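Examining the three-dimensional arrangement
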Amino acid sequence: MGMVTTPDGTAIFYKDWGPRDGQPIVFHHGWPLSADDWDNQMLFFLSHGYRVIAHDRRGHGRSSQTSSGHDMDTYAADVAALTGALDLRGAVHIGHSTGGGEATRYVARAEPGRVGKAVLVGAVPPVMVKSESNPGGTPLEVFDGFRAALAANRAQLYIDVPSGPFYGFNRPGAEVSQGLIDNWWRQGMTGAANAQYECIKAFSETDFTEDLKQIDVPVLVAHGTDDQIVPYEDSAPLTVELLKHGTLKTYEGYPHGMLSTHPDVLNRDILEFVKS
């Protein structure tokens with residue numbers, strides 16, 4: 001574990017496990033979580049000889065609780081500071097949800113040689129919010145509702161989201177894991193309310209269309225058809241169309257948090273892509 005200080009003085013917390021000469025895999029977490037959300041994947045890829053790195057986004061987890069910089073440009077710049085400090089080369093960047101947006105923007109702007117591949121899981125690109133140019137998107141009122149709920153009672157919101165749509169625990173017959181719910185709450189409450197509030201705009205309104213067009217490394221796009229947070233039809237298929245070297249992997253009936261509900265399936269498929 002360590003800290004990297006960005007040009008604006010923000011301390012970014014990160015974990016860095018495994019052999020220094022192993023191929024690096026960098027994990028980008030979702031909202032409003034932290035690097036801890038990747039524990040399963042980090043242990044899995046560590047056991048296969050990879051160097052695994054995961055950071056807490058600014059304002060989240062153990063990183064600085066800053067008053068500014070809660071936007072995708074700054075998030076990507078923070079990742080660039082981290083990868084530069086660790087001098088990572090040929091890294092695989094794996095992003096989930098909001099982290100998929102962060103990874104997309106970073107990979108599109110990364111220095112030559114820094115990135116080998118990318119994986120986007122239940123990711124927010126190309127753009128989430130509904131507009132004239134994105135008629136299938138999620139209405140702005142939904143995100144306004146998240147902001148209102150966060151401001152009113154963040155602790156309750158962070159019980160309601162994982163108990164319901166995030167992991168699909170609101171579906172009939174779902175096998176509910178109280179541990180996943182509690183860990184989601186724990187991670188969320190560790191971060192700063194202001195950062196998480198502003199991050200809602202970052203993940204819902206940022207348009208990644210041009211970023212996706214610029215990426216020239218292979219990208220695996222993995223998404224569940226029962227994703228209630230980032231609807232499948234307005235995300236993964238559109239993302240793949242914009243990528244130069246994109247591969248779409250669809251998981252029938254899987255929820256947004258499928259990395260935690262079906263880790264054995266996702267880990268195996270991501271490893272196959274990384275090794276291919």
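A brief look at the structure comes next. (Residues numbered from 1 in each chain as written. Predicted model: local features only at pLDDT ≥ 70, side-chain atom pairs only at ≥ 80, totals over all residues. Heavy atoms only, no water.)

1. Quick word on helix 3 (residues 98-109)
The condition is simple: What counts as a helix is a DSSP run of H or I of at least four residues, what counts as a strand is a run of E of at least two, and both are numbered from the N terminus. Here a helix's expected span is defined as the number of its residues, less one, multiplied by 1.5 Å. Under the scheme applied here, a residue whose accessible area is under 20% of the maximum for its type counts as buried, over 50% as exposed, and between as partly exposed, the area being computed with a 1.4 Å probe on protein chains only.
Between its first and last C-alpha, helix 3 extends 17 Å over 12 residues, near the 16 Å set by a 1.5 Å rise per residue. Where burial is concerned, most of helix 3 is hidden: 11 out of the 12 residues are buried. Residues T98, G99, G100, G101, E102, A103, T104, R105, Y106, V107 and A108 constitute the buried set of helix 3.

2. Considerations on unusual backbone geometry
The residue after W31, namely P32, is reached through a cis peptide bond having omega -5°. Examined against the element boundaries, P32 turns out to sit in the loop between strand 3 (24-28) and helix 1 (39-47). Between P125 and the following residue, P126, the backbone shows a cis peptide bond with an omega angle of 0°. Summarising the element assignment, P126 is placed in the loop between strand 6 (115-121) and helix 4 (140-163).

3. Some remarks on the packing of helix 2 (residues 72-86) against helix 3
We count it as follows: Here an axis means a line fitted to C-alpha atoms, over the contact stretch when the element is a helix, while the angle between two N-to-C directions is reported on a 0 to 180 degree scale. The scheme is simple: roughly parallel for angles under 35 degrees, roughly antiparallel for over 145, roughly perpendicular for 65 to 115, oblique for anything else. Each crossing gets its hand from how the near helix is turned against the far one by less than a right angle, where anticlockwise is left-handed and clockwise is right-handed. Two residues form a contact once any of their heavy atoms are found within 4.5 Å. Gly is put with the polar residues, along with every residue not named as nonpolar or charged; the nonpolar set is Ala, Val, Leu, Ile, Met, Phe, Trp, Tyr, Cys and Pro, and the charged set is Asp, Glu, Lys and Arg.
Put simply, helix 2 and helix 3 touch, their axes get as near as 9 Å, and they point 65° apart. In this view, helix 2 runs roughly perpendicular relative to helix 3, as classed from their interaxial angle. Viewed along their axes, helix 2 and helix 3 form a crossing whose handedness is right-handed. Note on element contacts: helix 3 touches helix 2 through T98, G101, E102, R105, Y106 and R109, opposite M72, D73, Y75, A76, V79, A80 and T83. The residue makeup of the contact of helix 2 with helix 3, split by class, is six nonpolar, three polar and four charged.

4. Notes on the side chain of R147
With respect to the element layout, R147 can be found in helix 4. Judged by relative accessible area, R147 falls into the buried class, the value being 11%.

5. With respect to the packing of aromatic side chains
Rule in force here: Only centres within 6.5 Å qualify two rings of Phe, Tyr or Trp (six-membered ring in Trp) as a pair; their planes then separate them into stacked at under 30 degrees, edge-to-face at over 60, and tilted for everything else. Any Lys NZ or Arg CZ found within 6 Å of a ring centre and within 35 degrees of that ring's normal is scored as a charge over the ring.
Applying the stated rule across the entire model yields 14 aromatic pairs. Seen in terms of ring centroids, Y251 and Y254 are 5.4 Å apart; in terms of plane orientation they differ by 20°. Their pairing is stacked. Residue classification places Y254 among the buried positions, given a relative accessible area of 16%. Here a set of aromatic residues connected by ring pairs shows up, and it is made of W31, F143, F146, Y158, F166, Y167, F169, W184 and F203. Across the ring face of Y75, the terminal group of R57 is positioned such that the distance to the ring centre comes to 5.3 Å.

6. Here we look at the pattern of salt bridges
For clarity, the threshold we go by: Salt bridge, as applied in this entry: a Lys or Arg side-chain nitrogen positioned within 4 Å of an Asp or Glu carboxyl oxygen.
If you walk through the whole model with that rule in mind, you get 21 salt bridges. Put simply, D211 and R105 hold a salt bridge, and the shortest N to O gap is 2.7 Å. Taken together, the positions of D211 in helix 7 (residues 209-214) and R105 in helix 3 put the pair 106 residues apart, joining distant regions of the chain. In this structure D211 comes out as buried when scored by relative accessible area, which is 5%. Across the salt bridge formed by E111 and R114, the nearest N and O atoms sit 3.2 Å from each other. Residue classification places E111 among the partly exposed residues on the basis of a relative accessible area of 49%. Residues joined by salt bridges that share partners form a network here, namely K15, D36, D39, D56, R62 and R186.

7. Some words on the sheet that holds strand 3
Using the following cut-off: A pair of strands counts as paired when DSSP detects no fewer than two bridges linking them.
Pairing is mixed across the open sheet formed by eight strands, whose spatial order is 1-2-4-3-5-6-7-8. Two strands lie at the open edges of the sheet, namely strand 1 (2-5) and strand 8 (246-251), each paired on one side alone. This sheet shows a mean twist of 20° between the axes of neighbouring strands, independent of strand direction. Taken together, the four bridges between strand 3 and strand 4 (residues 51-55) define a ladder with parallel strand orientation. Considered in strand 4, the bridge of I25 is made with V52. Its contacts with the sheet place helix 10 (residues 263-275) against strand 5 (91-96), strand 6, strand 7 (219-224) and strand 8, and it is angled at close to 155° to strand 6.

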